[in-house]
Amino acid sequence: MFAPDTYAARRAALADAVSGGLIVLLGNNAAPMNYAANHYPFRQDGSFRYYAGADAPGLALTIDADSGEATLYGREATIEDRVWDGERPSVADRASAADIPDSAPPDALGGVVAAARQAGRTIHVLPPYRAEHRIRLGNLLGVAPEAVEASDVLTDAVIAQRLVKTPQEVSEIEHAIAIADEMHRTAMWMAQPGRTEFEVAAAIESAATSRGSYLSFPAIVTTRGEVPHHRAGSHVLEAGELLLHDAGCVAPNSGYASDITRVSPVGGTFSERHRAIYDLVLKAQEACIAGCAPGVSFRDLHDLSSKTLAAGLVDLGLLKGDVDELVAEGAHTLFFHHGLGHPLGLDVHDLEGLGEDRVGYADEASRSTQFGTKFLRFARELRPGHVMTVEPGLYFNAVLIELWRSEGRYADAVDYDEAQQWVGFGGVRIEDDVLITDDGHRVLGPPIPKRPEDVEAAVQGGA
Ligand code: GLY
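Residues numbered from 1 in each chain as written. Predicted model: local features only at pLDDT ≥ 70, side-chain atom pairs only at ≥ 80, totals over all residues. Heavy atoms only, no water.

Per an unreviewed UniProt entry, the chain goes by the name Xaa-Pro aminopeptidase and belongs to Rubrivirga marina. UniProt's Cofactor (unreviewed entry) comment on the chain is quoted here verbatim: "Mn(2+)". According to its UniProt record, the chain has this under Catalytic activity (unreviewed entry): "Release of any N-terminal amino acid, including proline, that is linked to proline, even from a dipeptide or tripeptide." (UniProt positions renumbered as here; feature names shortened; annotations may be inferred.)

This is the structure we're talking about:
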């Protein structure tokens, strides 16, 4: 957690931006796996944590956007809680840790909202992404759960504030990347024939949890890299395969996330074929990172990655034709079918719970309808303080290649016989986390092996 006045300043800025009405922010509850007492690891709502600091279930915050007053709502520990789970801070202590002047029991929230409604005040809530929050907000607002309407002014104010990171937030993201460095080096050491994907995934997670952290999303550890979100399985690694590891963690005590992807040659040496694709993806990533600067549209950087990859695919004989036309028509999306990256912060896809279009497009850009390109999560102009992942990739997905070939799609632009030769290769994605500075950018965190010879050396170090 940051110093208490950080949270007070954030709330004051939010109240100012919303300018009138009552803001209600719900913290997350523990989510049961199969019965109430057995729950998934707790993850706090990003916006709640940003304004209230507290990383515990069952809390709520109101901010009076007229007076600036704030109250934290929560249940005190019962003797049963204290016996079974141990001592925990009182709600008043949690409030004062974030300079919140008042605290109250959870039931008081209903009365506060009802009084504000009776007085004709606007109640501002964020779009709920959990069903139980939708139900609770419906009860508070006196409407059916499906009729809960988020406040545009609040949502836009939160997005504007949280998208721009302060130096102390950047430092927390860098802490999470420093742990991710250990996670990915561990994966490289473990990328040896005879190991299973499960073992590598477990070691990655252990590198985080043994440092007081936890994963920011379920790790992707696979030789089936052509499936961008493929999870680890029982597959036994074989020399000559590529192991893709896409994993991040959260900074202990603050919750800020990292998100890094590397690809390791199992056994320690990239083949010529591996290098053809690895070097091309690295070239695209480095070109896009070099282009990161205030005023540059992330959509243009996505196009830069597409064109760089498409040009390389033409050289490899996989695509045929003029690069600009191939990209305009979308032929390259057979091999690159996701966006260049996304904002990173307290959420690994930062703020996405508030609406991907609202965060990533707003009034500045419109989402493409083209397969692949439409998965670009952020297309706006970059500004100082934005933290973005930059993660181009190339994939040889048998299902997609077979489908498009059978449909005759891009028949003149794709050499399907050649593409078929690459089925079984897997995929390559290379991802770093990049801060937009006043005059350019900075790749955050320590250097994590990325040049092919550095990755090879890291893998060979574990043999
Ligand atoms: N790194 C996983 C994702 O961005 O979806």
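Turning next to the site of the ligand. The full set of residues close to the ligand is F217, H229, D246, D259, H342, H349, E391 and E431. Within the side chain of D259, one N or O atom sits 2.9 Å away from a nitrogen atom of the ligand. Within the side chain of H349, one N or O atom sits 2.8 Å away from an oxygen atom of the ligand. Isolated, the ligand exposes 190 Å² of accessible area, and the fraction of that covered by the protein chains is 90%. (Near = heavy atom within 4 Å. Polar contact = N/O pair within 3.5 Å; in protein donor to acceptor, adjacent residues only side chain to side chain. Areas by Shrake-Rupley, 256 points an atom, 1.4 Å probe, with all protein chains shown as cover.)

Of all 6 residues in strand β10 (residues 260–265), 6 are buried; the element is thus mostly enclosed. Alternating positions in β10 separate into two faces, I260, R262 and S264 on one and T261, V263 and P265 on the other, with burial throughout. Of the pairings in the sheet, the one linking strand β9 (residues 242–247) to β10 comprises 6 bridges and is antiparallel in character. Across the sheet, the residue bridging to H245 is R262, located in β10. (Buried < 20%, exposed > 50% of the residue type's maximum accessible area, 1.4 Å probe, protein only. Helix = DSSP H or I, 4+ residues; strand = E, 2+ residues; numbered from the N terminus. Pairing = 2+ DSSP bridges.)

In this section: the sheet that holds strand β5 (residues 70–73). Pairing is mixed in the open sheet, where 5 strands are placed in the order β6-β5-β4-β1-β7. Both outer strands of the open sheet, β6 (102–104) and β7 (123–125), are each paired with one neighbouring strand and no more. Averaged over all pairs of adjacent strands, the angle between their axes in this sheet comes to 25 degrees, without regard to strand direction. In this structure, strand β1 (residues 22–26) lies alongside strand β4 (residues 60–64), joined through 5 bridges in antiparallel fashion. Paired with L22 across the bridge in β4 is D64. Across the sheet, helix α6 (residues 131–141) touches β1 and β7, and the angle it forms with β1 is around 150 degrees. (Axes fitted to C-alpha atoms, helices over the stretch in contact; angles between N-to-C directions. Contact = heavy atoms within 4.5 Å.)

This part is about the nonpolar core. Membership of the largest hydrophobic core comes to 124 residues, with the highest contact counts inside it found for L14, L25, L61, M183, F335, L394 and V428. When residues of this core are assigned to their parent elements, the largest contribution, 10 residues, is made by helix α8 (residues 167–190). Sequence-distant contacts of F335, that is, excluding residues within four places in its chain, are made with L313, L318, L319, G393, L394, Y395, F396, V414 and A419. One finds I123, V125, L137 and L141 within the second-largest nonpolar core, a separate group that totals 15 residues. (Core = buried A, V, L, I, M, F, W, Y, C linked by side-chain atoms within 4.5 Å.)

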